[in-house]
Amino acid sequence: MKLHEYQAKGVFDEAGIAVPDSALASSPDEAVDAAESIGYPVAIKAQGQVGGGMDLKGLHVEDVLVEAAVDFDDELYVGVTMDRGEGQPVAMVSTRGGVDIETVAAEEPDAIVREHVDPLFGIQRYESRKAVYEAGVDREVAGDVASILRTLYDLWAEKDATEIEVNPLMVTADDEVVAADAVMNVDDDALFRHPDLADMGETAAGDDLEAKADEYGFDYVRLDGDVGIIGNGAGLVMTTLDLVDYYGGAPANFLDIGGGAKAERVTNALDMVFADDSVEAVVFNIFGGITRGDEVATGINEALEQFEEIPKPVVVRLAGTNAEAGMEILNTDLVTVEATLESAVQRAVEYAEEGSR
Amino acid sequence: MSVLVDADSRVVVQGITGGEGSFHTRQMVEYGTNVVAGAVPGKGGRAVEGIPVYDTVAGAARAEDADTSVVFVPPAFAADALLEALDAPLDLVVAITEGIPQQDMAQVYRKATGTDTHLVGPNCPGVITPGEAKLGILPGNIFHAGDVGLVSRSGTLTYQVVDNLTSRGIGQTTAVGIGGDPIIGTDFVDALELFEADPDTRAVVMCGEIGGEDEEAAARYIGEHVDTPVAGFIAGRTAPPGKRMGHAGAIVSGSGTGTAESKIDALGDAGVPVGDTPEAVVDHVETFR
């Protein structure tokens, strides 16, 4: 879960890292009031649909963070992330702040100093010093920057972050160090022990279908094609998407119903995919391990029997646990059954082509 | 021969009294797995399916001479269960649990490094040596004994590829589900090393997916250390950057690392043919025979 900038800055501020004065505004009037109380010049930063957004000159725009502009001499980069290959957190410092750090990483990898941290010990003072001095941070502020790096690591560990980044970390003319930006991603799987952070979370605004998927508890990603895809297990669903592309179609979504899905879940999945107007055909690919073919078939029947006319053609391929029982249950007046993954995908791609003509 | 698990493995199930734990224990026993104990804190002295339950893994290991653990403990308590299994100690720990916090796994991974225990998973379907034993939730009936080793980050994709292999008469020595999380114990390189050392494994299929750089590391390893022919499959060619595709680890980063293309190229450079479809992977395996 990604925190909004103003939320991440709130977390930083609480931990003692200096951030610019700021206020969140949901209307143009509020923004002006905020700017006047902070004092010009200010920076205005979009924060997504925090409180429903605001209407400006007839357009619906996002809420904004009104923030005191910082007069800086230097821009640094500091961050903490997980090095998944090493299974270890890594603290990072660079004097190339203020620009896209991914570009720096690609073009001048040596300009970013990486210090791996033992997760059982946490960051040591020497590790923070080493990273800061080796990055070439000015001596005048090196101690402060090292201290900020340690605070960020501690936040990373305490809040179950997967990524924390300050870019730029600004150094002012009188050697103050201020976090002018803040990125903080929190591990979704750890939110159960951070109710305060979970409350900050909101569904990534913008896509209603992705919000609906969250409600149903599906892993769902919307794409721009016209073949709707439902399956079980991340790898197999990704493979189904890839095959749709391989056979000349375009996938409309990734939808994983997960393991052991019951009929109701299957019905919800079909409702979701039909709710996407761009879908012209659906391929349902199940390889049952703990998911049972008979449950899936019952769910498909229930989903489709509620329609007088099936909205879009549905191709079903069932294999694995109770697949034969599922085939017997499946109402073949409502769906097209295919025996293999490849043939099911090809058939769905054909239907989508016919449908879009 | 096989890798990691066989008919002699003596298995303790952590979380045996839970819904998942008891269901899959029954399935494992039916398959022929030698499940000798369960371990659940506070439930020692009970029995599940006639299998004695102990309060601690160490107690179970001592009393029943267990050398292997399968972990069905819920995510909030799973890291503790894994640390307990590492401490017992055991030869093999298979973590089925999905949704373990990343930082918990970083600590477990750190503890596992430097031990002789093989940690498989988490977020994996398990390990099976067809006809001998299965650990985890894999459907035993689709597997058949043979000479192809299989290692995969995904459960159902494994079933798909195994089904394609089996339907063309190609059996498996052992199938290892290494899991879909960002931080896992046994990775592709570890599994390839095991298969390379197994005289009965004549070919290996590796099923990778987007996210991370494990497949690239495996490709380098194959180029330098593996004589057994390897065929590959990579899922997620159509995945957009920045989106988590079901698995916590299946994400193409904004900077463009972890793409299917990068993995397919790396494997190609190492002489590993990569199938466009699961069926095409089996075509490659047939050319090895």
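Residues numbered from 1 in each chain as written. Chains lettered and ligands numbered in written order. Predicted model: local features only at pLDDT ≥ 70, side-chain atom pairs only at ≥ 80, totals over all residues. Heavy atoms only, no water.

### Some thoughts on the sheet that holds strand β5 (residues 64-68) of chain A
Residues and elements named next belong to chain A. Note the threshold: We call two strands paired when DSSP finds no fewer than two bridges between them. The helix count covers DSSP runs of H or I at least four residues long, the strand count covers runs of E at least two residues long, and both are numbered beginning at the N terminus. In this analysis an axis means a line fitted to C-alpha atoms, helices contributing only their contacting stretch, and an angle means the value between N-to-C directions, from 0 to 180 degrees. The contact criterion used is simple: two residues touch if any of their non-hydrogen atoms lie within 4.5 Å.
Overall, antiparallel pairing links the 3 strands, which are arranged β1-β5-β2 in an open sheet. Bordering the open sheet on either side are β1 (22-25) and β2 (42-46), each of which pairs with just one other strand. Each strand of the sheet is rotated relative to its neighbour by a mean of 20°, with strand direction disregarded. Taken together, the 5 bridges between β2 and β5 define a ladder with antiparallel strand orientation. Paired with Ile-44 across the bridge in β5 is Val-66. Sheet strands in contact with helix α1 (residues 5-14) are β1, β2 and β5, and its direction is about 45° off that of β5. Sitting on the sheet, helix α2 (residues 28-38) touches β1, β2 and β5, and the angle it makes with β5 is about 15°.

### Considerations on the domain arrangement of chain A
We apply this condition: Each domain's limits were defined by an automated method or a database of domain assignments.
Per the domain assignment, the segments making up chain A are domain 1 (5-19 + 71-200), domain 2 (21-69) and domain 3 (208-356). Relative placement of domain 2 of chain A and domain 3 of chain A: their C-alpha centres are 43 Å apart.

### Comments concerning the packing of aromatic side chains
Residue and element names in this part refer to chain A. Quick reminder of the rule: Classification of ring pairs uses Phe, Tyr and Trp, with its six-membered ring standing for Trp, and accepts pairs whose centres are within 6.5 Å; under 30 degrees between planes counts as stacked, over 60 as edge-to-face, and the remaining range as tilted. Buried means the residue's accessible area, taken with a 1.4 Å probe over protein chains only, is under 20% of the maximum for its type, while exposed means over 50%, and partly exposed covers the values in between.
For the structure shown, the criterion picks out 5 aromatic pairs over all chains. Plain terms: the ring middles of Phe-274 and Phe-307 are 5.5 Å apart, the flat faces sit at 85° to each other, and that makes the pair edge-to-face. Placement of Phe-274 in helix α9 (residues 263-274) and of Phe-307 in the loop between α10 (293-305) and β16 (314-320) is noted, with a sequence separation of 33 residues between them. Judged by its relative accessible area of 14%, Phe-274 is buried.

### Overview of helix α12 (residues 341-356) of chain A
So the rule is basically this: To estimate the expected span of a helix, subtract one from its residue number and multiply by 1.5 Å.
For α12(A), which comprises 16 residues, the first-to-last C-alpha distance of 23 Å matches the rise-based estimate of 22 Å (1.5 Å per residue) to within 8%. For α12(A), the set of buried residues is Leu341(A), Glu342(A), Ala344(A), Val345(A), Ala348(A), Val349(A), Tyr351(A) and Ala352(A).

### Comments concerning the packing of α9(A) against α10(A)
All names here are of chain A. Our working definition: Convention used here: angles under 35 degrees read as roughly parallel, angles over 145 as roughly antiparallel, angles from 65 to 115 as roughly perpendicular, and any remaining angle as oblique. By the definition used in this description, the sense in which the near helix is turned from the far one sets the handedness, with an anticlockwise turn below a right angle giving left-handed and a clockwise turn giving right-handed. Each residue gets one label: Ala, Val, Leu, Ile, Met, Phe, Trp, Tyr, Cys and Pro are nonpolar, Asp, Glu, Lys and Arg are charged, and the others, such as Gly, are polar.
Axis separation between α9 and α10 bottoms out at 7 Å; the angle between their running directions is 45°. For the element pair α9 / α10, the angle class is oblique. As α9 packs across α10, the resulting crossing turns out to be right-handed. Contacts from Ala-263, Val-266, Thr-267, Leu-270 and Phe-274 in α9 reach Glu-295, Val-296, Thr-298, Gly-299, Ile-300, Glu-302, Ala-303 and Leu-304 in α10. Residue classes in the contact of α9 with α10 are distributed as 8 nonpolar, 3 polar and 2 charged.

### With respect to the domain arrangement of chain B
All names here are of chain B. For clarity, the cut-off: Buried area: the sum, over both parts, of the accessible surface (1.4 Å probe) that disappears when the two are put together. Salt bridge, as used here, is a side-chain nitrogen of Lys or Arg placed within 4 Å of a carboxyl oxygen of Asp or Glu. What qualifies as a polar contact is a pair of N or O atoms within 3.5 Å, subject to a donor-acceptor requirement within protein and to the restriction that residues adjacent in sequence count only when both atoms come from side chains.
Assigned domains of chain B: these are domain 1 (1-123) and domain 2 (139-289). Taking only C-alpha atoms into account, the centre of domain 1 sits 25 Å from that of domain 2. Listed as interface residues are 16 residues of domain 1 and, on the opposing side, 20 residues of domain 2. Together, Met-1, Val-3 and Asn-123 form the three largest contributors to the area buried by domain 1 at its contact with domain 2, with a combined 35%. Taken together, domain 1 and domain 2 are joined by 0 salt bridges. At the junction of domain 1 with domain 2, the criterion picks out 5 residue pairs in polar contact (both at pLDDT 80 or more).

### Quick look at the interface of chain A and chain B
Each side of the interface is counted separately: chain A has 48 residues, and chain B has 51 residues. When the buried area of chain A at its contact with chain B is split by residue, Arg84(A), Met238(A) and Phe287(A) rank highest and sum to 18% of it. Summed over the shared surface of chain A and chain B, the result is 4 salt bridges. Lys243(B) is the partner of Glu210(A) in a salt bridge, and the nearest nitrogen-oxygen pair spans 3.4 Å. Looking at the side of chain A that touches chain B, the elements that each hand over two or more residues are α5 (139-158), β9 (161-172), β12 (219-222), α8 (234-246), β15 (281-288) and α12 of chain A. At 10 residues, the largest contribution of residues to the side of chain A that touches chain B is made by α8(A).

### Structural notes on helix α4 (residues 125-135) of chain A
Residue and element names in this part refer to chain A. Convention followed: Along the arc lie the directions from the helix axis toward the C-beta atoms.
If you check which residues of α4 are buried, you get Glu-127, Ser-128, Ala-131, Val-132 and Ala-135. Buried residues of α4 fall within an arc of 125° about the axis and therefore sit on the same side. Looking at α4, the residues exposed on the side facing more than 90 degrees away from the buried face are Arg-125 and Glu-134. Those residues of α4 that are buried lie in contact with β7 (88-94), β8 (112-116) and α5. Where α4 ends, the next residue or the one after it, Gly-136, has phi of about 85°, a positive value.

### Digging into the packing of helix α5 (residues 155-167) of chain B against helix α9 (residues 278-287) of chain B
All names here are of chain B. At a closest axis distance of 9 Å, the pairing of α5 and α9 adopts a crossing angle of 50°. Relative to α9, α5 is oriented oblique. Pair α5 / α9 crosses with right-handed handedness. Of the residues in α9, those touching α5 at Gln-160, Val-161, Asn-164 and Leu-165 are Pro-278, Glu-279, Val-282 and Val-285.

### Here we look at the pairing of strand β11 (residues 172-177) of chain B
Residues and elements named next belong to chain B. Under the convention used in this document: By definition, the crossover connecting two strands over a helix is right-handed if that path, from the first strand to the second, turns clockwise as seen with the strands pointing away from the viewer.
Counting buried residues in β11 gives 6 out of 6 residues, a clear majority hidden from the surface. In this structure, strand β8 (residues 126-129) lies alongside β11, joined through 2 bridges in antiparallel fashion. Paired with Val-127 across the two strands is Val-176, which belongs to β11. Relative to β11, strand β10 (residues 145-152) runs parallel, the two being bridged by 5 bridges. Paired with Val-151 across the bridge in β11 is Val-176. Between β10 and its parallel partner β11, the chain crosses via α5, and the hand of that crossover is right-handed.

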